[in-house]
Amino acid sequence: MEQQADERAGAARVLVVDDDPTVAEVVTGYLDRAGYVVDRAEDGPAALARAAAHWPDLVVLDLMLPGMDGLEVCRRMRGRGPVPVIMLTARGDEDDRILGLEVGADDYVTKPFSPRELVLRVESVLRRTRPRADTGSLTASGLTVDPAARRALKNGDELALTIREFDLLAFFLRHPGRVFSRQDLMKEVWGWDFGDLSTVTVHVRRLRGKVENDPARPRLIQTVWGVGYRFEPVAETVTESVAGEE
């Protein structure tokens, strides 16, 4: 594996965690052919040890692992540092998918899945982790987002956001006052023309929990019933800015 890393200097490193050797082998093969450096682990402790030895750029993580499940692995990894996670699940249960997103997964794929689709999902997530060079910092309502540094602040305190939450907040700050449907957000923020719209709902709820003073009564990310969501900078922030200029 070290030789592989040397041969592909600069390539993104993907950690594949699955106790099914057939699935792990197929996923690893497709990712390898796509140009990634791939590490493998068959359970949670092995995944954490692999990540500690070589921190991955992205993790493909099975939900159902022996001993320590994928949710716990995701929690522990995100406790060590930011890393994109695509969750694999053998279940079609929406609750499982949402739970994966709740603990910080950036995407999920339900088994059985197309390996080519998984590679496209990996490419999409990694592409969105790269800094944007075409915009400066965005500021509104006590929030500051620096796309180049991938940092977000609330009243000067750094926010712990997943990649999807960060992209969603940056998108809202770029388009204040505009209403976007969940389909719009999935296409503009996720880059997908298809997918489960509950993914958007979960990320909006998680983002509200981090940027709103009272997530139960959101003032910044407002729901427009029957349409979608709108980012509305609070009135007092605008007033203070104008008063400062005067």
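That block above? That's the structure.
Residues numbered from 1 in each chain as written. Predicted model: local features only at pLDDT ≥ 70, side-chain atom pairs only at ≥ 80, totals over all residues. Heavy atoms only, no water.

## Considering the sheet that holds strand β10 (residues 179-180)
Sheets are built from strands paired through backbone hydrogen bonds, the pairs being either parallel or antiparallel.
Then, number 1: Across the sheet, three strands lie side by side as β10-β12-β11; this open sheet has antiparallel pairing. For this open sheet the edge positions go to β10 and β11 (221-224), each flanked by a neighbour on one side alone.
Then, number 2: In terms of strand pairing, β10 meets strand β12 (residues 228-231) through two bridges, oriented antiparallel. Within β12, the residue paired with Phe180 across the bridge is Tyr229.
Then, number 3: Sheet strands in contact with helix α9 (residues 198-211) are β11 and β12, and its direction is about 140° off that of β11. (Pairing = 2+ DSSP bridges. Helix = DSSP H or I, 4+ residues; strand = E, 2+ residues; numbered from the N terminus. Contact = heavy atoms within 4.5 Å. Axes fitted to C-alpha atoms, helices over the stretch in contact; angles between N-to-C directions.)

## Here's the deal with the packing of helix α3 (residues 44-53) against helix α4 (residues 70-80)
Then, number 1: In the contact formed by α3 and α4, the axes pass within 10 Å of each other and the chain directions differ by 20°. One element, α3, and the other, α4, form an angle in the roughly parallel class. Here α3 and α4 pass one another in a crossing that is right-handed. Taking contact as the criterion, the partners of Gly44, Ala47, Leu48, Ala51 and Ala52 in α3 are, on α4, Val73, Arg76, Met77 and Arg80. (Parallel < 35°, antiparallel > 145°, perpendicular 65-115°, else oblique. Left-handed = near helix turned anticlockwise from the far one by under 90°.)

## Observations regarding the pattern of salt bridges
Then, number 1: By the definition in use, this model includes 13 salt bridges.
Then, number 2: A salt bridge links Arg75 to Glu72; the nearest nitrogen and oxygen atoms lie 3.5 Å apart. Residue Arg75 and its partner Glu72 are located together in helix α4, separated by three residues, close to a single helical turn.
Then, number 3: Under the relative-accessibility criterion, Glu72 is labelled partly exposed at 27%.
Then, number 4: Here Asp214 ties to Arg217 by a salt bridge, and the two come within 3.3 Å at their closest N and O atoms. (Salt bridge = Lys/Arg side-chain N within 4 Å of Asp/Glu carboxyl O. Buried < 20%, exposed > 50% of the residue type's maximum accessible area, 1.4 Å probe, protein only.)

## Looking at unusual backbone geometry
Then, number 1: Cis geometry marks the peptide bond from Lys111 to Pro112, where omega comes out at -5°.
Then, number 2: Residue position: Pro112 is located in the loop between β5 (107-110) and α6 (115-129).
Then, number 3: Notably, Ser141 is not glycine yet its phi reads approximately 55°, a positive angle.
Then, number 4: With respect to the element layout, Ser141 can be found in the loop between β6 (138-140) and β7 (143-146).
Then, number 5: With a phi close to 55°, Arg150 is a non-glycine residue in the positive phi region.
Then, number 6: Classification of Arg150 as partly exposed rests on a relative accessible area of 23%.

## With respect to the packing of aromatic side chains
Then, number 1: What the rule picks out here adds up to two aromatic pairs.
Then, number 2: On the numbers, 4.8 Å between centres and 65° between planes, the contact of Phe171 with Phe180 is edge-to-face. Here the two residues Phe171 and Phe180 agree in accessibility, since each one is buried.
Then, number 3: Between Phe172 and Phe231, the ring centres sit 6.5 Å apart and the planes meet at 20°, which makes this aromatic pair stacked. Taken together, the residues span a long stretch of sequence, with Phe172 in helix α7 (residues 163-174) and Phe231 in strand β12 at a distance of 59 residues. (Phe/Tyr/Trp six-rings, centres within 6.5 Å; stacked < 30°, edge-to-face > 60°.)

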